[in-house]
Amino acid sequence: MKWTATALLLLALLGRGESLEVDVASISKCSVACTELALALRDKVSLPQNSTYELEDFQYWSNQQSSQRPTCRVTPSCAEDVSLTLTILKANNCQFAVKSGGHASFAGASNIDGAVTIDLRNLNELVVSESKTEVSVGAGMVWSSVYLELDARNLSVVGGRSGAIGVGGLTLGGGISFFSGRYGWACDNVNNYEVVFADGSIHDVNEKSFPDLYFALRGGGNNFGIVTRFDLASFEQGKMLGGQTLYTADNMPALNTALYNFNINHYKDPYGAVILAYVYVPAEGIFLASVDLEYGKPESNPAILANFTAIPSIETTARITNLTDLTIELNSTQPSGFRETFWVFMVHNDVQILTDIQALFASQIPAIANASGLLPALVMQPISTAITSHFTSNGGNALGITAADGALLLINISIAWTDIADDDRIMEFAANFISSGVALAKSRNLAHRYIYQNYAAAPQDVFTGYGPINKARLQAIHQKYDPTNVFTKLQPGYFKIN
Ligand SMILES: Cc1cc2nc3c(=O)[nH]c(=O)nc-3n(C[C@H](O)[C@H](O)[C@H](O)COP(=O)(O)OP(=O)(O)OC[C@H]3O[C@@H](n4cnc5c(N)ncnc54)[C@H](O)[C@@H]3O)c2cc1C
Ligand SMILES: *[C@@H]1O[C@H](CO)[C@@H](O)[C@H](O)[C@H]1NC(C)=O
Ligand SMILES: *[C@@H]1O[C@H](CO)[C@@H](O)[C@H](O)[C@H]1NC(C)=O
Ligand SMILES: *[C@@H]1O[C@H](CO)[C@@H](O)[C@H](O)[C@H]1NC(C)=O
Ligand SMILES: *[C@@H]1O[C@H](CO)[C@@H](O)[C@H](O)[C@H]1NC(C)=O
Ligand SMILES: *[C@@H]1O[C@H](CO)[C@@H](O)[C@H](O)[C@H]1NC(C)=O
Ligand SMILES: *[C@@H]1O[C@H](CO)[C@@H](O)[C@H](O)[C@H]1NC(C)=O
Ligand SMILES: *[C@@H]1O[C@H](CO)[C@@H](O)[C@H](O)[C@H]1NC(C)=O
């Protein structure tokens, strides 16, 4: 492909002045790579303007991601296709991104301008083992499709709570589930990973075959290989209680106290799950509390949730139903097609810090309140010892949290908006809020260093949050399995270990 003066000018105007030569070189390398890929993989490769390309390039949650334009999109249907794709990309020194459910929010995380996107959506096979204790899941499936098949068999796995989230991204970063009190996070429940290594070879990675890499995949994100299949521990699961309950903001003190107590008491009944969101409604200029309450058995009023249900609510969708239904409901409240950012930090369990962080959020909202299509939420989730006691399963995950850290609260902000002109001030608001929230927690000795990869914004230093020992261990494992930096340089997007 020839680059015209207009195209070069356009690239320069996009603020790429300094790296212009590199970019142009990389883009033409990818044109060659795409031609070779099309010869090798035929209709699994699509180019811009083709309806397959356009449809797939639209399947991202945030607009920042769907506006990326790869030179071609590759949609492999087996691990061998992924391996072949990787080999061609390496031979041409062409950069790439890998996509599962496409829910990472920032540009470049799982889609890439002027390079190649590998879309795992057709790795969508689900196989239940004869003993029903393991379910093998293709790395491009979304959770509601997994649950649809498992609910019909009264089985389940530890996975996402929103239906359109991908198995790949959620499981590689950690993975908080409604069942985490019983089993830990999704990463703690992977028996085996099928992985395409940097050299293109395909391996089963488990505690016996590659114990170091098995450790690294439980929190290491996209730095170690392309996972093509997850073999997940499964368990019997019938209908359960779940739904969203809306409260007026004057109930925040009672909700905060209920959350604090839930966090302490969760180990006594790990079937409970809570997400507390403090949401600003620009049209009304008010805040509301939206609380997800779940219980893993078909019981309508479990004691572990009674402190929440005793608070008078505006409305609730609480009901006994199946997991598929709950994940479809959550997905419908988090529509795609907006500009999005999410950020995260963690604190120790404390009512006053919850109260003060909410006040901080409310006090800073006016700076962005008039942005069009704005929907900002501050979300608090208990990371109880019931949950973290499972972080030692199968030799332990890489996250750097132990039950000895006590009950923790994961705090994330999630902001949706529509106008690109508001990007700068919204990112500034988010960064300011996070740094002032962390500073407040530090000043009271309530800060915890962990930064949850799945909720983090691009500027956040995820792997430092795992602590110096785990970070160094992950770096050494990366060096061993990816010595030429295929997954950290040729795949530039998302959180990098080196
Ligand atoms: C609306 C919404 C609801 C959410 N709910 C939850 C929740 O309930 N629990 C929770 O823990 N998190 C939740 N998250 C966070 C979510 O886990 C992360 O956004 C996660 O990264 C999404 O995974 P994905 O596969 O959909 O994303 P993608 O954007 O496809 O992938 C994210 C990253 O992982 C990499 N990756 C994906 N698959 C593979 C693979 N097979 N091999 C190698 N690398 C891979 C990609 O390259 C990319 O860098 C939610 C996010 C949103 C937006
Ligand atoms: C679009 O791309 C697909 C996949 O490569 C191919 O099968 C199809 O023929 C293309 N369609 C058009 C109209 O070129
Ligand atoms: C799950 O619940 C929904 C809503 O009640 C229902 O339509 C669906 O058939 C259920 N699925 C299974 C597998 O039970
Ligand atoms: C699942 O459990 C329900 C309720 O106990 C039962 O009616 C149904 O037959 C079970 N289905 C399967 C496939 O075991
Ligand atoms: C409910 O709240 C009370 C204090 O009001 C507390 O003592 C109790 O432990 C809480 N129960 C649960 C299950 O969190
Ligand atoms: C999630 O919601 C979107 C609408 O924003 C819809 O297009 C999509 O089909 C839903 N996916 C699932 C798995 O429910
Ligand atoms: C929106 O609010 C900001 C910050 O308060 C202000 O500077 C800006 O002028 C406002 N814009 C509009 C269109 O009202
Ligand atoms: C953070 O907050 C939102 C609430 O809007 C919640 O639904 C979501 O799962 C959390 N995570 C991310 C990545 O936004």
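These figures come from a predicted structure and were not determined experimentally.

Turning to the site of ligand 2, a few remarks are in order. Lining the immediate surroundings of ligand 2 are R42, D43, V45 and N50. Within the contact set of ligand 2, an oxygen atom lies 2.5 Å away from a backbone nitrogen or oxygen of V45. With respect to ligand 2, the side chain of N50 contributes an N or O atom lying 2.3 Å from an oxygen atom. Here ligand 2 has 360 Å² of accessible area as a free molecule, and 40% of this is covered by the chains. In the shell around ligand 2, the residues fall into one nonpolar, one polar and two charged.

With that settled, the discussion passes to the pairing of strand β8 (residues 190-196). Where burial is concerned, most of β8 is hidden: six out of the seven residues are buried. Sheet topology note: the β8/strand β10 (residues 226-233) ladder contains six bridges and is antiparallel. By the bridge assignment, E194 is partnered in β10 with R229. Across four bridges, β8 lies against strand β9 (residues 202-205) in antiparallel orientation. Its bridge partner lying in β9, E194 is registered against D204. In this antiparallel pair of consecutive strands, β8 and β9, the connection spans five residues, and G200 shows a positive phi of 90 degrees.

Taken as a whole and assessed by the stated rule, the structure comprises two disulfides. Sulfur-sulfur distance for the disulfide between C30 and C94 comes to 2.1 Å. Judged by the sign of its S-S torsion, about 110 degrees, the bond between C30 and C94 is right-handed. Highlighted residues: C30 in helix α2 (residues 20-41) and C94 in the loop between α5 (79-91) and β3 (96-99), separated in sequence by 64 residues. Looking at C30, the relative accessible area reads 0%, which means it is buried. Across the disulfide, C34 is cross-linked to C72 (sulfur-sulfur distance 2.1 Å). On the S-S bond that ties C34 to C72, the torsion sits near -85 degrees, and the link is left-handed. With C34 in helix α2 and C72 in strand β2 (residues 72-74), this residue pair connects regions lying 38 residues apart in the sequence.

Counting 97 residues, the largest nonpolar core has F96, V146, W185, Y193, L213 and I226 as its most contacted members. The element that contributes the greatest number of residues to this core is α2, accounting for five residues. Those residues in contact with W185 that lie beyond four places of it in its chain are V158, G174, G175, I176, S180, I383, I387, F391, L399, Y450 and Y452. Counting residues in hydrophobic clusters, the runner-up holds 47 residues, among them V274, Y280, F345 and L446.

The next thing to look at is the UniProt feature "domain: FAD-binding PCMH-type" (unreviewed entry) in the chain. Within the UniProt annotation, "domain: FAD-binding PCMH-type" (unreviewed entry) is assigned to residues 66-237. Helix makes up 23% of residues 66-237 and strand 24%, whereas the separation of the span's terminal C-alpha atoms amounts to 36 Å.

Overall, the coordinates contain 28 aromatic pairs when judged by the stated rule. Measuring from ring centre to ring centre gives 5.6 Å for Y193 and F230, while their planes differ by 65 degrees; the resulting arrangement is edge-to-face. You can see Y193 sitting in strand β8 and its partner F230 sitting in strand β10, a full 37 residues away along the chain. Assessed through its relative accessible area of 0%, Y193 is described here as buried. By relative accessible area, F230 is classed as buried at 0%. With a centroid separation of 6.1 Å and 45 degrees between ring planes, the pair formed by Y271 and Y295 is classed as tilted.

Here we take up the sheet that holds β10. With respect to topology, five strands assemble into an open sheet ordered β5-β6-β10-β8-β9, the strand pairing being antiparallel. If you trace the sheet from one side to the other, it starts and ends with β5 (126-128) and β9, each paired once. Taken over all neighbouring pairs, the strand axes of this sheet differ in orientation by 15 degrees on average, direction set aside. Packed onto the sheet, α5 meets β8, β9 and β10 and runs at close to 45 degrees relative to β8.

On to the site of ligand 6, then. Lining the immediate environment of ligand 6, one finds S144, G163, A164, N331, P335 and S336. Interatomic distance of 2.4 Å between a side-chain N/O atom of N331 and an oxygen atom of ligand 6. Here an oxygen atom of ligand 6 and a backbone polar atom of S336 are 3.5 Å apart. Bound to the protein, ligand 6 loses 51% of the 360 Å² it would expose on its own. If you count residues domain by domain, the shell around ligand 6 takes at least three from each of domain 2 (126-237) and domain 3 (240-468).

What follows is about the pairing of strand β15 (residues 286-295). Of all ten residues in β15, nine are buried, a share of seventy percent or more. As judged from the five bridges shared by strand β13 (residues 244-248) and β15, these two strands associate in the antiparallel manner. Within β15, the residue paired with T245 across the bridge is V291. Summarising the sheet, strand β14 (residues 272-281) and β15 pair through ten bridges and their orientation is antiparallel. In the sheet register, I275 faces β15, and the bridge partner there is D292. The turn linking β14 back onto β15 is made up of four residues, and G285 within it adopts a positive phi angle of 65 degrees.

This model, assessed by the stated rule, comprises 19 salt bridges. A salt bridge links D212 to K480, with the nearest nitrogen and oxygen atoms 2.6 Å apart. A residue pair is termed long-range when its members are at least 10 positions apart, and D212 in helix α9 (residues 211-216) and K480 in helix α16 (residues 468-481) qualify at 268 residues. With a shortest N-O distance of 2.8 Å, R229 and D231 are connected by a salt bridge. Residue classification places R229 among the partly exposed residues on the basis of a relative accessible area of 24%. Taking the relative accessible area as the measure of exposure, D231 reaches 5% and is therefore buried.

Parameters at a glance
- Residues numbered from 1 in each chain as written.
- Chains lettered and ligands numbered in written order.
- Predicted model: local features only at pLDDT ≥ 70, side-chain atom pairs only at ≥ 80, totals over all residues.
- Heavy atoms only, no water.
- Near = heavy atom within 4 Å.
- Polar contact = N/O pair within 3.5 Å; in protein donor to acceptor, adjacent residues only side chain to side chain.
- Areas by Shrake-Rupley, 256 points an atom, 1.4 Å probe, with all protein chains shown as cover.
- Nonpolar A, V, L, I, M, F, W, Y, C, P; charged D, E, K, R; others polar.
- Buried < 20%, exposed > 50% of the residue type's maximum accessible area, 1.4 Å probe, protein only.
- Helix = DSSP H or I, 4+ residues; strand = E, 2+ residues; numbered from the N terminus.
- Pairing = 2+ DSSP bridges.
- Disulfide = S-S within 2.5 Å.
- Core = buried A, V, L, I, M, F, W, Y, C linked by side-chain atoms within 4.5 Å.
- Contact = heavy atoms within 4.5 Å.
- UniProt positions renumbered as here; feature names shortened; annotations may be inferred.
- Phe/Tyr/Trp six-rings, centres within 6.5 Å; stacked < 30°, edge-to-face > 60°.
- Axes fitted to C-alpha atoms, helices over the stretch in contact; angles between N-to-C directions.
- Domains from an automatic or database assignment.
- Salt bridge = Lys/Arg side-chain N within 4 Å of Asp/Glu carboxyl O.

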